[in-house]
Amino acid sequence: MAPHSLETFDLDFFDDAPVRHVIDVRLPVTPQRAWAEFTRQNTLDWCRAIKSIEFTSPPPYGAGATRKAVLGPGYVTLQEDFFHWTEDAEAGRYHNAFRVKSANVPGIRRFGEATQIDPADVGCRLRWTFALELPTKSKAVTAFSGPASSTVYKTIEADTLKYFAHLPSAA
């Protein structure tokens, strides 16, 4: 399928998007280790809902970096553009956000993710926000915000917790 361009947005979209899902969990690794896993080539290979993620720009990654994501069994392909990226390794605080520039499926107006990692009493806190806007109320809205999507997000959360539970704390 030909790519469909999506609309742009800023960080505030993650607070006021029509459809939002937030995964807010503790991981038993240092913030630095978690950040290294979330920002490496082929990240999220631990998630069953994601077929592949590949940075399409060279390292070092930061604002302006691009990725290609293939979801599910490979039917949905997204072109992602990171527009926000901050790293404070000394404080153990990390944050990035991307917006999807194009998708090979129609029916999405805006979509993106923001990943925030901060120190916690033990390990780190991951706050992973998914934000979506669809053009109209349609079957797609139900698919992205109903019980089926809730199951996908729960699977992503469970897979992430399982992966980090078995990961050595040091990078």
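In the annotation of an unreviewed UniProt entry, the entry for the chain reads SRPBCC family protein, and the organism field reads Gordonia amicalis.

Novice: When you look at the pattern of salt bridges in this model, what are you seeing that I'm missing?
Specialist: When charged atoms on two side chains of opposite charge get close, those side chains can pair. Per the counting criterion, the structure on display carries 11 salt bridges. Between Asp24 and Arg125 there is a salt bridge, and its shortest N-O distance comes to 2.5 Å. Taken together, the residues span a long stretch of sequence, with Asp24 in strand 2 (residues 19–27) and Arg125 in strand 8 (residues 124–133) at a distance of 101 residues. Classification of Asp24 as partly exposed rests on a relative accessible area of 35%. On the basis of relative accessibility, which here comes to 29%, the residue Arg125 falls in the partly exposed class.

Novice: What is the right way to read the packing of aromatic side chains from this model?
Specialist: Any aromatic ring pair is given by two values, namely how distant the centres are and how the planes are angled relative to each other. Per the stated rule, a full pass over the model turns up 18 aromatic pairs. Centroid distance Phe9 to Phe83: 5.8 Å. Interplanar angle 85°. Geometry classified as edge-to-face. Here Phe83 lies in strand 5 (residues 76–88) and Phe9 lies in the loop between strand 1 (4–5) and helix 1 (13–16), a separation of 74 residues in the sequence. For the pair Phe9 and Phe83, a shared accessibility class is recorded, and that class is buried. Centroid distance Phe55 to Tyr61: 3.6 Å. Interplanar angle 10°. Geometry classified as stacked. Across this residue pair, the class does not change: Phe55 and Tyr61 are buried.

Novice: Where do I start with helix 2 (residues 31–38) in this structure?
Specialist: In an α-helix, one turn spans 3.6 residues, which is why side chains three or four residues apart end up on the same side. With respect to burial, helix 2 is a largely interior element, six of its eight residues being buried. Those residues of helix 2 that sit buried are Pro31, Arg33, Ala34, Trp35, Glu37 and Phe38.

Novice: Sorry if this is basic, but what is going on with a negative patch on the surface here?
Specialist: A contiguous patch of negative charge, built from Asp10, Asp12, Asp15 and Asp16, is present on the exposed surface. When you line up the elements, Asp15 lands in helix 1. The class for Asp15 is exposed, based on a relative accessible area of 64%.

Novice: Explain the nonpolar core here, please?
Specialist: Proteins that are soluble and globular tend to have nonpolar side chains buried together. Formed by 39 residues in total, the largest nonpolar core has its most connected members in Leu27, Phe38, Leu44, Phe111, Ile117, Trp128 and Phe164. For this core, the element with the highest residue contribution is strand 8, accounting for five residues. Excluding its chain neighbours within four sequence positions, the residues that come into contact with Phe111 are Leu6, Phe9, Leu78, Arg99, Val100, Phe130, Ala131 and Leu132. Listed in part, the eight residues of the second largest apolar core include Phe9, Phe13, Phe83 and Ala114.

Novice: Just to check I follow, could you spell out the pairing of strand 8 for this structure?
Specialist: Within a regular strand, the side chains alternate between the two sheet faces. Burial analysis of strand 8 places eight of its 10 residues in the buried class, the great majority of the element. The pairing of strand 2 with strand 8 spans nine bridges and is antiparallel. If you follow Val22 over to strand 8, its bridge partner there is Thr129. Counted between consecutive antiparallel strands, the loop separating strand 7 (residues 110–119) from strand 8 contains four residues, among which Gly123 sits at a positive phi close to 70°.

Novice: Help me understand the side chain of Asp118, please; the structure alone is not making it clear to me.
Specialist: By secondary structure assignment, the location of Asp118 is in strand 7. Looking at Asp118, the relative accessible area reads 12%, which means it is buried. A polar contact of 3.0 Å, which involves the side chain of Asp118, links it to the side chain of Arg93. Once residues within four sequence positions are removed from consideration, Asp118 is found in contact with Pro31, Gly92, Arg93, Cys124 and Arg125.

Definitions and cut-offs
- Residues numbered from 1 in each chain as written.
- Predicted model: local features only at pLDDT ≥ 70, side-chain atom pairs only at ≥ 80, totals over all residues.
- Heavy atoms only, no water.
- Salt bridge = Lys/Arg side-chain N within 4 Å of Asp/Glu carboxyl O.
- Helix = DSSP H or I, 4+ residues; strand = E, 2+ residues; numbered from the N terminus.
- Buried < 20%, exposed > 50% of the residue type's maximum accessible area, 1.4 Å probe, protein only.
- Phe/Tyr/Trp six-rings, centres within 6.5 Å; stacked < 30°, edge-to-face > 60°.
- Patch = residues over 30% accessible without salt bridge, like charges linked within 9 Å, V, L, I, M, F, W, Y side chains within 5 Å.
- Areas by Shrake-Rupley, 256 points an atom, 1.4 Å probe, with all protein chains shown as cover.
- Lys, Arg positive; Asp, Glu negative; His and termini not counted.
- Charge placed at Lys NZ, Arg CZ, Asp CG, Glu CD.
- Core = buried A, V, L, I, M, F, W, Y, C linked by side-chain atoms within 4.5 Å.
- Contact = heavy atoms within 4.5 Å.
- Pairing = 2+ DSSP bridges.
- Polar contact = N/O pair within 3.5 Å; in protein donor to acceptor, adjacent residues only side chain to side chain.

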